[in-house]
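# A structural walkthrough
Residues per chain are reported as follows:
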Amino acid sequence: METTLDLLDLEADWTGEHKEIVSSVRRYVDTEVLPRMKEHQRAGTFPKDVLPGLAKLGLLEALATNSLDPVAYGLAMRELERAGSTIRSFASVQGSLVMSAIEMLGTDSQKKEWLPSLGRLEAIGCFGLTEPDFGSNPAGMRTKAEKTAKGYKLSGQKCWITNGMAAKVAVIWAKLDGTVNGFLVPTATPGFEAREIRDKWSFRTSDTAELFLQDVEVPESARLPKAQSLGSALKCLNQARYGIAWGVVGAAMACFEETRRYLVERPQFNGRPLASHQLIQSKLAWMATEITTMQLLAKRLGELKSEDRLQPQQVSLGKMNNCRKALEVARTCRDLLGAAGIHHEHHVGRHLTDLETVLTYEGTEHIHSLILGEHLTGIPAYV
Ligand code: TGC
Ligand code: FAD
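As the structure is a computational prediction, the values presented were derived from the model and not from experiment.

Reading the values: rules and limits
- Residues numbered from 1 in each chain as written.
- Chains lettered and ligands numbered in written order.
- Predicted model: local features only at pLDDT ≥ 70, side-chain atom pairs only at ≥ 80, totals over all residues.
- Heavy atoms only, no water.
- Helix = DSSP H or I, 4+ residues; strand = E, 2+ residues; numbered from the N terminus.
- Buried < 20%, exposed > 50% of the residue type's maximum accessible area, 1.4 Å probe, protein only.
- Contact = heavy atoms within 4.5 Å.
- Patch = residues over 30% accessible without salt bridge, like charges linked within 9 Å, V, L, I, M, F, W, Y side chains within 5 Å.
- Areas by Shrake-Rupley, 256 points an atom, 1.4 Å probe, with all protein chains shown as cover.
- Salt bridge = Lys/Arg side-chain N within 4 Å of Asp/Glu carboxyl O.
- Near = heavy atom within 4 Å.
- Polar contact = N/O pair within 3.5 Å; in protein donor to acceptor, adjacent residues only side chain to side chain.
- 1 Å grid on protein atoms, 1.4 Å probe; cavity = no way out; pocket = protein on both sides within 12 Å on 5 of 7 lines; lining within 4 Å.
- Sits in = over half its atoms within 2 Å of the grid points.
- Disulfide = S-S within 2.5 Å.

### Considering the environment of Ala222
- Here Ala222 shows up in the loop between β7 (208-219) and α7 (230-265).
- What makes Ala222 buried here is its relative accessible area of 5%.
- Discounting chain neighbours no more than four positions away, the residues touching Ala222 are Gln110, Gly182, Phe183 and Leu184.

### A short note on a nonpolar patch on the surface
- Residues Leu7, Leu8 and Leu296 make up a contiguous nonpolar surface patch of roughly 270 Å² in combined accessible area.
- A relative accessible area of 51% places Leu7 in the exposed class.

### Points about the site of ligand 2
- Near ligand 2 there are 17 residues, and of these Thr130, Ser136, Trp160, Thr364 and Tyr382 occur at the shortest range.
- At a separation of 3.0 Å, an oxygen atom of ligand 2 approaches a polar backbone atom of Leu129.
- Contacts to ligand 2 include Thr162, whose side-chain N or O atom sits 2.8 Å from a nitrogen atom.
- With the chains in place, 68% of the 980 Å² that ligand 2 exposes on its own is no longer accessible.
- One can see that ligand 2 is located within the largest pocket.
- Of all the elements in the fold, those that place two or more residues in the shell around ligand 2 are β3 (151-162), α10 (348-360) and α11 (365-377).
- Per-element tally for the shell around ligand 2: the top contributor is β3, with three residues.

### Describing unusual backbone geometry
- Unusually for a residue other than glycine, Asp177 sits at a positive phi of about 50°.
- Relative to the helices and strands, Asp177 resides in the loop between β4 (169-176) and β5 (179-186).
- On the basis of relative accessible area, Asp177 is assigned to the exposed category, the value being 76%.
- One non-glycine residue, Phe203, lies in positive phi territory at about 55°.
- In this fold, Phe203 is placed in the loop between β6 (192-196) and β7.

### Concerning the state of the cysteines
- On inspection of all chains with the given rule, the structure shows zero disulfides.
- Its sulfur unpaired, Cys126 is 12 Å from the next cysteine sulfur, which belongs to Cys159.
- Cys126 sits in the buried class, given a relative accessible area of 0%.
- With no disulfide of its own, Cys255 lies closest to Cys333 among cysteine sulfurs, the gap being 5.2 Å.

In C-alpha coordinates form, the structure reads like this:
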(Lines give C-alpha, C1' and ligand atoms only; values in the text may rest on other atoms or scores of the structure.)
(Ligands and ions follow the chains in the order given, each with its own letter.)
Protein backbone atom coordinates (compact mmCIF):
# COMPACT_ATOMS: atom_id res chain seq x y z
CA MET A 1 0.00 0.00 0.00
CA GLU A 2 1.33 3.47 -0.91
CA THR A 3 0.76 6.19 1.63
CA THR A 4 1.28 9.92 1.76
CA LEU A 5 2.75 12.21 4.36
CA ASP A 6 0.71 15.09 2.96
CA LEU A 7 -2.02 14.58 5.55
CA LEU A 8 -3.27 18.17 5.37
CA ASP A 9 -3.28 18.31 1.58
CA LEU A 10 -0.59 21.01 1.48
CA GLU A 11 0.43 19.88 -1.99
CA ALA A 12 -2.88 21.21 -3.30
CA ASP A 13 -1.42 24.70 -2.84
CA TRP A 14 1.70 23.96 -4.87
CA THR A 15 2.24 25.95 -8.05
CA GLY A 16 3.43 24.32 -11.26
CA GLU A 17 6.97 25.45 -10.37
CA HIS A 18 6.74 23.74 -6.97
CA LYS A 19 5.56 20.46 -8.52
CA GLU A 20 8.29 20.61 -11.13
CA ILE A 21 11.03 21.30 -8.61
CA VAL A 22 9.92 18.51 -6.26
CA SER A 23 9.77 15.95 -9.04
CA SER A 24 13.08 16.91 -10.65
CA VAL A 25 15.03 17.03 -7.36
CA ARG A 26 13.41 13.79 -6.19
CA ARG A 27 14.33 12.05 -9.44
CA TYR A 28 17.93 13.27 -9.07
CA VAL A 29 18.10 12.10 -5.43
CA ASP A 30 16.61 8.67 -6.16
CA THR A 31 18.67 7.90 -9.25
CA GLU A 32 21.97 9.73 -8.73
CA VAL A 33 22.50 10.36 -5.04
CA LEU A 34 20.97 7.66 -2.84
CA PRO A 35 22.62 4.76 -4.68
CA ARG A 36 26.03 6.32 -3.89
CA MET A 37 25.55 7.31 -0.25
CA LYS A 38 26.31 3.99 1.47
CA GLU A 39 29.70 3.70 -0.14
CA HIS A 40 30.64 7.29 0.72
CA GLN A 41 29.30 6.90 4.26
CA ARG A 42 31.59 3.92 4.84
CA ALA A 43 34.58 5.67 3.27
CA GLY A 44 33.89 9.02 4.96
CA THR A 45 34.05 10.92 1.67
CA PHE A 46 31.93 13.62 0.09
CA PRO A 47 30.19 12.31 -3.07
CA LYS A 48 31.75 14.74 -5.58
CA ASP A 49 30.36 12.51 -8.31
CA VAL A 50 26.84 13.85 -7.64
CA LEU A 51 27.76 17.47 -8.36
CA PRO A 52 27.29 17.46 -12.16
CA GLY A 53 23.70 16.28 -11.64
CA LEU A 54 23.12 18.97 -9.00
CA ALA A 55 24.52 21.62 -11.36
CA LYS A 56 22.20 20.37 -14.10
CA LEU A 57 19.15 20.90 -11.88
CA GLY A 58 19.94 24.63 -12.10
CA LEU A 59 18.86 25.29 -8.50
CA LEU A 60 21.89 27.35 -7.56
CA GLU A 61 21.89 29.21 -10.85
CA ALA A 62 18.27 30.13 -10.16
CA LEU A 63 19.36 31.45 -6.77
CA ALA A 64 22.01 33.62 -8.43
CA THR A 65 19.37 35.24 -10.58
CA ASN A 66 16.79 35.45 -7.77
CA SER A 67 14.35 33.47 -9.88
CA LEU A 68 13.30 30.95 -7.25
CA ASP A 69 10.45 31.74 -4.84
CA PRO A 70 11.16 30.94 -1.15
CA VAL A 71 8.73 28.01 -1.00
CA ALA A 72 10.20 26.49 -4.18
CA TYR A 73 13.66 26.88 -2.66
CA GLY A 74 12.47 25.31 0.60
CA LEU A 75 10.90 22.35 -1.20
CA ALA A 76 14.16 21.84 -3.10
CA MET A 77 16.05 21.75 0.23
CA ARG A 78 13.48 19.27 1.60
CA GLU A 79 13.95 16.97 -1.37
CA LEU A 80 17.76 17.23 -1.27
CA GLU A 81 17.80 16.34 2.42
CA ARG A 82 15.90 13.12 1.68
CA ALA A 83 19.28 12.02 0.35
CA GLY A 84 21.07 13.25 3.45
CA SER A 85 21.74 16.41 5.42
CA THR A 86 25.24 16.58 3.92
CA ILE A 87 23.88 16.97 0.40
CA ARG A 88 21.48 19.74 1.41
CA SER A 89 24.32 21.28 3.39
CA PHE A 90 26.58 21.44 0.34
CA ALA A 91 23.84 23.37 -1.46
CA SER A 92 23.07 25.54 1.60
CA VAL A 93 26.67 26.66 1.98
CA GLN A 94 27.14 27.26 -1.73
CA GLY A 95 23.82 29.04 -2.21
CA SER A 96 22.50 30.44 1.05
CA LEU A 97 25.81 31.37 2.64
CA VAL A 98 28.39 32.09 -0.07
CA MET A 99 26.23 33.24 -2.98
CA SER A 100 23.86 35.12 -0.65
CA ALA A 101 26.82 36.89 0.99
CA ILE A 102 28.01 38.06 -2.42
CA GLU A 103 24.50 38.91 -3.59
CA MET A 104 23.56 40.88 -0.46
CA LEU A 105 26.89 42.40 0.50
CA GLY A 106 29.05 42.48 -2.63
CA THR A 107 29.82 44.92 -5.44
CA ASP A 108 28.57 44.49 -9.01
CA SER A 109 32.00 43.34 -10.12
CA GLN A 110 32.21 40.74 -7.28
CA LYS A 111 28.79 39.47 -8.35
CA LYS A 112 29.89 39.29 -11.97
CA GLU A 113 33.13 37.55 -11.09
CA TRP A 114 31.73 34.88 -8.78
CA LEU A 115 27.96 34.31 -9.01
CA PRO A 116 27.76 32.67 -12.45
CA SER A 117 30.56 30.15 -11.77
CA LEU A 118 29.27 29.42 -8.24
CA GLY A 119 25.76 28.95 -9.66
CA ARG A 120 27.01 26.42 -12.21
CA LEU A 121 29.21 24.73 -9.54
CA GLU A 122 32.31 25.42 -11.63
CA ALA A 123 33.62 27.07 -8.47
CA ILE A 124 32.82 25.88 -4.95
CA GLY A 125 32.61 28.27 -2.03
CA CYS A 126 32.86 28.01 1.75
CA PHE A 127 31.86 30.31 4.60
CA GLY A 128 34.34 30.81 7.44
CA LEU A 129 32.77 32.27 10.55
CA THR A 130 33.41 29.74 13.36
CA GLU A 131 36.79 29.64 15.12
CA PRO A 132 38.20 27.09 17.55
CA ASP A 133 37.41 29.30 20.57
CA PHE A 134 34.35 31.08 19.13
CA GLY A 135 31.47 28.91 17.92
CA SER A 136 28.19 30.11 19.41
CA ASN A 137 29.75 33.50 20.07
CA PRO A 138 31.35 34.58 16.77
CA ALA A 139 31.54 38.20 18.02
CA GLY A 140 34.69 37.20 19.90
CA MET A 141 36.54 36.08 16.76
CA ARG A 142 40.31 36.60 16.64
CA THR A 143 40.84 36.47 12.87
CA LYS A 144 41.95 39.93 11.88
CA ALA A 145 42.39 42.02 8.77
CA GLU A 146 44.94 44.81 8.54
CA LYS A 147 44.90 47.57 5.95
CA THR A 148 47.88 47.49 3.59
CA ALA A 149 48.89 49.81 0.74
CA LYS A 150 47.07 47.65 -1.86
CA GLY A 151 44.35 46.01 0.19
CA TYR A 152 44.26 43.83 3.31
CA LYS A 153 46.34 41.22 5.13
CA LEU A 154 44.32 38.47 6.87
CA SER A 155 45.52 36.21 9.69
CA GLY A 156 43.67 33.73 11.84
CA GLN A 157 42.03 30.32 12.00
CA LYS A 158 38.55 29.01 11.16
CA CYS A 159 37.22 25.56 11.99
CA TRP A 160 34.42 23.16 11.08
CA ILE A 161 34.13 24.74 7.64
CA THR A 162 31.82 22.88 5.23
CA ASN A 163 33.17 22.62 1.63
CA GLY A 164 36.49 23.87 3.02
CA MET A 165 38.75 21.44 1.14
CA ALA A 166 37.04 21.80 -2.24
CA ALA A 167 36.46 25.54 -2.11
CA LYS A 168 37.96 27.86 -4.69
CA VAL A 169 36.76 30.89 -2.78
CA ALA A 170 36.21 31.39 0.94
CA VAL A 171 34.02 34.05 2.54
CA ILE A 172 36.18 34.93 5.53
CA TRP A 173 34.87 36.98 8.44
CA ALA A 174 37.60 38.97 10.16
CA LYS A 175 37.92 42.02 12.39
CA LEU A 176 39.21 45.19 10.77
CA ASP A 177 39.95 47.80 13.45
CA GLY A 178 37.77 45.80 15.85
CA THR A 179 34.73 45.57 13.50
CA VAL A 180 33.64 42.36 11.77
CA ASN A 181 34.10 42.57 7.98
CA GLY A 182 33.70 39.99 5.19
CA PHE A 183 36.32 39.14 2.54
CA LEU A 184 36.27 36.99 -0.59
CA VAL A 185 39.51 35.04 -0.42
CA PRO A 186 40.58 32.80 -3.33
CA THR A 187 41.87 29.68 -1.60
CA ALA A 188 44.96 29.54 -3.87
CA THR A 189 46.23 32.78 -2.28
CA PRO A 190 49.65 32.27 -0.61
CA GLY A 191 49.30 31.85 3.17
CA PHE A 192 45.87 30.15 2.92
CA GLU A 193 45.73 26.49 3.95
CA ALA A 194 42.82 24.07 4.40
CA ARG A 195 43.17 20.86 6.44
CA GLU A 196 40.53 18.16 6.40
CA ILE A 197 38.80 17.27 9.68
CA ARG A 198 38.76 13.47 9.78
CA ASP A 199 37.32 10.85 12.16
CA LYS A 200 33.78 12.30 12.26
CA TRP A 201 30.93 9.94 13.14
CA SER A 202 28.41 12.55 11.94
CA PHE A 203 28.55 14.29 8.55
CA ARG A 204 30.92 11.61 7.25
CA THR A 205 29.80 12.39 3.70
CA SER A 206 30.59 16.09 4.02
CA ASP A 207 33.81 18.00 3.31
CA THR A 208 34.72 19.62 6.64
CA ALA A 209 37.94 21.57 7.12
CA GLU A 210 40.00 23.82 9.30
CA LEU A 211 41.25 26.94 7.57
CA PHE A 212 44.55 28.60 8.42
CA LEU A 213 45.30 32.11 7.21
CA GLN A 214 48.78 33.46 7.70
CA ASP A 215 49.39 36.95 6.33
CA VAL A 216 47.05 36.30 3.40
CA GLU A 217 47.23 39.37 1.12
CA VAL A 218 44.07 40.28 -0.79
CA PRO A 219 43.32 43.37 -2.89
CA GLU A 220 40.89 46.11 -1.85
CA SER A 221 38.36 44.55 -4.25
CA ALA A 222 38.16 41.41 -2.03
CA ARG A 223 36.29 43.19 0.76
CA LEU A 224 32.50 42.87 0.77
CA PRO A 225 31.68 46.58 1.08
CA LYS A 226 28.22 46.16 2.60
CA ALA A 227 29.50 43.84 5.35
CA GLN A 228 30.41 46.11 8.19
CA SER A 229 29.31 44.28 11.33
CA LEU A 230 28.60 40.84 12.70
CA GLY A 231 25.00 41.53 11.73
CA SER A 232 25.99 41.09 8.06
CA ALA A 233 27.22 37.55 8.72
CA LEU A 234 24.07 36.81 10.72
CA LYS A 235 21.97 38.07 7.81
CA CYS A 236 23.49 35.33 5.64
CA LEU A 237 22.76 32.79 8.38
CA ASN A 238 19.06 33.70 8.22
CA GLN A 239 18.92 32.38 4.65
CA ALA A 240 20.67 29.14 5.50
CA ARG A 241 18.69 28.56 8.70
CA TYR A 242 15.49 29.01 6.68
CA GLY A 243 16.69 26.29 4.29
CA ILE A 244 17.49 24.00 7.22
CA ALA A 245 13.97 24.38 8.65
CA TRP A 246 12.71 22.98 5.32
CA GLY A 247 15.54 20.54 4.72
CA VAL A 248 15.20 18.50 7.89
CA VAL A 249 11.55 17.77 6.98
CA GLY A 250 13.01 15.77 4.08
CA ALA A 251 15.33 13.82 6.38
CA ALA A 252 12.41 13.00 8.69
CA MET A 253 10.22 11.97 5.75
CA ALA A 254 12.92 9.71 4.37
CA CYS A 255 13.30 7.98 7.76
CA PHE A 256 9.54 7.61 8.17
CA GLU A 257 9.01 6.16 4.70
CA GLU A 258 11.87 3.66 4.95
CA THR A 259 10.64 2.54 8.37
CA ARG A 260 6.96 2.30 7.41
CA ARG A 261 7.86 0.07 4.45
CA TYR A 262 9.86 -2.19 6.76
CA LEU A 263 7.11 -2.37 9.38
CA VAL A 264 4.37 -3.44 6.99
CA GLU A 265 6.60 -6.18 5.58
CA ARG A 266 8.33 -7.65 8.60
CA PRO A 267 6.33 -10.34 10.42
CA GLN A 268 6.74 -10.72 14.17
CA PHE A 269 4.48 -12.67 16.64
CA ASN A 270 2.10 -15.09 14.87
CA GLY A 271 3.28 -13.97 11.43
CA ARG A 272 1.59 -10.59 11.75
CA PRO A 273 3.45 -7.58 10.39
CA LEU A 274 5.00 -5.28 12.94
CA ALA A 275 2.78 -2.49 11.60
CA SER A 276 -0.30 -4.34 12.92
CA HIS A 277 0.69 -3.78 16.56
CA GLN A 278 -0.91 -0.88 18.42
CA LEU A 279 2.27 0.50 19.95
CA ILE A 280 3.89 0.62 16.51
CA GLN A 281 0.91 2.39 14.94
CA SER A 282 0.90 4.89 17.77
CA LYS A 283 4.52 5.78 16.99
CA LEU A 284 3.81 6.03 13.26
CA ALA A 285 0.87 8.32 14.01
CA TRP A 286 3.03 10.49 16.29
CA MET A 287 5.77 10.77 13.66
CA ALA A 288 3.35 11.57 10.85
CA THR A 289 1.80 14.29 13.04
CA GLU A 290 5.21 15.82 13.82
CA ILE A 291 6.25 15.74 10.16
CA THR A 292 2.97 17.42 9.22
CA THR A 293 3.44 20.22 11.77
CA MET A 294 7.08 20.66 10.66
CA GLN A 295 5.82 21.12 7.10
CA LEU A 296 3.19 23.64 8.19
CA LEU A 297 5.83 25.62 10.04
CA ALA A 298 8.23 25.60 7.08
CA LYS A 299 5.45 26.61 4.73
CA ARG A 300 4.47 29.54 6.98
CA LEU A 301 8.10 30.71 7.11
CA GLY A 302 8.10 30.53 3.32
CA GLU A 303 4.96 32.65 3.08
CA LEU A 304 6.46 35.28 5.39
CA LYS A 305 9.69 35.24 3.40
CA SER A 306 7.79 35.64 0.14
CA GLU A 307 6.17 38.76 1.62
CA ASP A 308 9.57 39.97 2.89
CA ARG A 309 8.25 39.83 6.47
CA LEU A 310 10.34 36.98 7.87
CA GLN A 311 12.03 37.94 11.16
CA PRO A 312 15.18 36.28 12.65
CA GLN A 313 13.31 35.00 15.72
CA GLN A 314 10.78 33.26 13.44
CA VAL A 315 13.65 31.56 11.61
CA SER A 316 15.09 30.51 14.98
CA LEU A 317 11.74 29.01 15.99
CA GLY A 318 11.64 27.01 12.75
CA LYS A 319 15.27 25.86 12.84
CA MET A 320 15.06 24.86 16.51
CA ASN A 321 11.72 23.05 16.34
CA ASN A 322 12.25 21.24 13.06
CA CYS A 323 15.79 20.04 13.87
CA ARG A 324 14.69 18.70 17.25
CA LYS A 325 11.64 16.97 15.79
CA ALA A 326 13.54 15.51 12.84
CA LEU A 327 16.09 14.07 15.25
CA GLU A 328 13.32 12.56 17.41
CA VAL A 329 11.68 11.05 14.33
CA ALA A 330 14.98 9.57 13.13
CA ARG A 331 15.68 8.13 16.59
CA THR A 332 12.22 6.58 16.79
CA CYS A 333 12.68 5.05 13.32
CA ARG A 334 16.03 3.61 14.34
CA ASP A 335 14.30 1.95 17.29
CA LEU A 336 11.44 0.58 15.16
CA LEU A 337 13.88 -1.03 12.72
CA GLY A 338 15.35 -3.06 15.56
CA ALA A 339 18.82 -4.43 14.86
CA ALA A 340 18.43 -3.61 11.17
CA GLY A 341 18.35 0.04 12.22
CA ILE A 342 22.04 0.07 13.10
CA HIS A 343 23.10 -1.27 9.69
CA HIS A 344 24.18 0.66 6.59
CA GLU A 345 21.53 -1.34 4.69
CA HIS A 346 19.08 1.35 5.86
CA HIS A 347 19.58 5.11 5.55
CA VAL A 348 17.99 5.86 8.94
CA GLY A 349 21.22 5.53 10.95
CA ARG A 350 23.02 7.96 8.64
CA HIS A 351 20.16 10.48 8.86
CA LEU A 352 20.14 10.13 12.65
CA THR A 353 23.86 10.79 13.09
CA ASP A 354 23.86 13.60 10.51
CA LEU A 355 20.93 15.34 12.21
CA GLU A 356 23.09 15.64 15.33
CA THR A 357 25.29 18.03 13.33
CA VAL A 358 22.30 19.92 11.97
CA LEU A 359 21.04 20.44 15.53
CA THR A 360 24.41 22.07 16.35
CA TYR A 361 25.46 24.11 13.34
CA GLU A 362 23.90 27.37 12.20
CA GLY A 363 23.17 28.12 15.87
CA THR A 364 22.71 25.36 18.45
CA GLU A 365 19.36 24.57 20.02
CA HIS A 366 20.33 26.64 23.10
CA ILE A 367 21.29 29.63 20.96
CA HIS A 368 17.99 29.59 19.07
CA SER A 369 16.05 29.25 22.31
CA LEU A 370 18.01 32.25 23.66
CA ILE A 371 17.19 34.27 20.52
CA LEU A 372 13.51 33.45 21.09
CA GLY A 373 13.92 34.09 24.81
CA GLU A 374 15.30 37.55 24.10
CA HIS A 375 12.40 38.25 21.76
CA LEU A 376 9.87 37.09 24.36
CA THR A 377 11.35 38.93 27.34
CA GLY A 378 13.45 41.75 25.91
CA ILE A 379 16.34 40.41 28.01
CA PRO A 380 19.43 38.99 26.25
CA ALA A 381 20.61 35.97 28.28
CA TYR A 382 23.62 34.78 26.24
CA VAL A 383 26.26 35.76 28.83
P1 TGC B 1 23.92 40.86 18.67
O2 TGC B 1 24.43 42.04 19.42
O3 TGC B 1 22.66 40.23 19.09
O4 TGC B 1 23.81 41.24 17.12
C5 TGC B 1 24.86 41.90 16.43
C6 TGC B 1 24.20 42.66 15.29
O7 TGC B 1 23.59 41.73 14.42
C8 TGC B 1 22.17 41.96 14.33
N9 TGC B 1 21.56 40.64 14.26
C10 TGC B 1 21.05 40.14 13.12
N11 TGC B 1 20.93 40.66 11.89
C12 TGC B 1 20.36 39.89 10.94
N13 TGC B 1 19.94 38.64 11.20
C14 TGC B 1 20.07 38.07 12.41
N15 TGC B 1 19.67 36.81 12.62
C16 TGC B 1 20.64 38.83 13.44
N17 TGC B 1 20.92 38.59 14.75
C18 TGC B 1 21.47 39.72 15.23
C19 TGC B 1 21.83 42.73 15.59
O20 TGC B 1 20.67 43.48 15.42
C21 TGC B 1 23.07 43.58 15.76
O22 TGC B 1 22.97 44.64 14.82
P23 TGC B 1 23.66 46.06 15.14
O24 TGC B 1 23.21 46.92 14.01
O25 TGC B 1 23.09 46.46 16.48
O26 TGC B 1 25.13 45.81 15.17
O27 TGC B 1 25.11 39.83 18.57
P28 TGC B 1 25.70 38.86 19.66
O29 TGC B 1 27.18 38.90 19.52
O30 TGC B 1 25.09 39.13 21.01
O31 TGC B 1 25.25 37.42 19.11
C32 TGC B 1 23.97 37.00 19.09
C33 TGC B 1 23.93 35.48 18.74
C34 TGC B 1 24.45 34.63 19.89
C35 TGC B 1 22.46 35.18 18.53
C36 TGC B 1 24.75 35.18 17.44
O37 TGC B 1 26.09 35.34 17.68
C38 TGC B 1 24.51 33.79 16.90
O39 TGC B 1 23.55 33.59 16.15
N40 TGC B 1 25.36 32.80 17.23
C41 TGC B 1 25.32 31.49 16.62
C42 TGC B 1 26.51 31.32 15.70
C43 TGC B 1 26.17 30.56 14.44
O44 TGC B 1 25.02 30.32 14.11
N45 TGC B 1 27.17 30.21 13.70
C46 TGC B 1 26.97 29.57 12.42
C47 TGC B 1 28.25 29.46 11.63
S48 TGC B 1 27.99 29.04 9.95
C49 TGC B 1 27.52 27.45 9.97
O50 TGC B 1 27.32 26.86 10.96
C51 TGC B 1 27.36 26.80 8.64
S52 TGC B 1 26.96 25.15 8.78
C53 TGC B 1 26.85 24.57 7.18
C54 TGC B 1 25.47 24.60 6.61
O55 TGC B 1 24.73 25.58 6.79
O56 TGC B 1 25.06 23.66 5.94
P1 FAD C 1 29.93 25.86 21.57
O2 FAD C 1 29.58 27.25 21.23
O3 FAD C 1 31.18 25.62 22.35
O4 FAD C 1 28.70 25.22 22.38
C5 FAD C 1 28.79 23.99 23.09
C6 FAD C 1 27.50 23.80 23.90
O7 FAD C 1 27.31 24.90 24.79
C8 FAD C 1 26.25 23.75 23.02
O9 FAD C 1 25.32 22.87 23.58
C10 FAD C 1 25.71 25.17 23.11
O11 FAD C 1 24.33 25.24 22.91
C12 FAD C 1 26.07 25.53 24.55
N13 FAD C 1 26.18 26.98 24.73
C14 FAD C 1 27.05 27.84 24.13
N15 FAD C 1 26.83 29.10 24.57
C16 FAD C 1 25.79 29.03 25.45
C17 FAD C 1 25.07 29.99 26.23
N18 FAD C 1 25.38 31.27 26.19
N19 FAD C 1 24.06 29.56 27.01
C20 FAD C 1 23.72 28.24 27.04
N21 FAD C 1 24.36 27.28 26.33
C22 FAD C 1 25.38 27.68 25.54
N23 FAD C 1 30.79 27.05 10.94
C24 FAD C 1 31.08 27.91 9.92
O25 FAD C 1 31.43 29.07 10.16
N26 FAD C 1 30.99 27.50 8.63
C27 FAD C 1 30.65 26.23 8.28
O28 FAD C 1 30.57 25.90 7.09
C29 FAD C 1 30.36 25.30 9.33
N30 FAD C 1 30.08 24.01 9.04
C31 FAD C 1 29.96 23.10 10.06
C32 FAD C 1 29.89 21.73 9.75
C33 FAD C 1 29.84 20.78 10.77
C34 FAD C 1 29.86 19.32 10.43
C35 FAD C 1 29.80 21.21 12.13
C36 FAD C 1 29.69 20.21 13.24
C37 FAD C 1 29.88 22.56 12.43
C38 FAD C 1 29.99 23.51 11.41
N39 FAD C 1 30.19 24.87 11.68
C40 FAD C 1 30.46 25.76 10.67
C41 FAD C 1 30.35 25.32 13.07
C42 FAD C 1 29.04 25.47 13.83
O43 FAD C 1 28.36 26.62 13.41
C44 FAD C 1 29.38 25.53 15.33
O45 FAD C 1 29.78 24.22 15.69
C46 FAD C 1 28.21 25.99 16.17
O47 FAD C 1 27.94 27.35 15.94
C48 FAD C 1 28.44 25.75 17.68
O49 FAD C 1 29.71 26.19 18.06
P50 FAD C 1 30.68 25.22 18.92
O51 FAD C 1 30.78 23.92 18.21
O52 FAD C 1 31.93 25.96 19.18
O53 FAD C 1 29.91 24.95 20.27
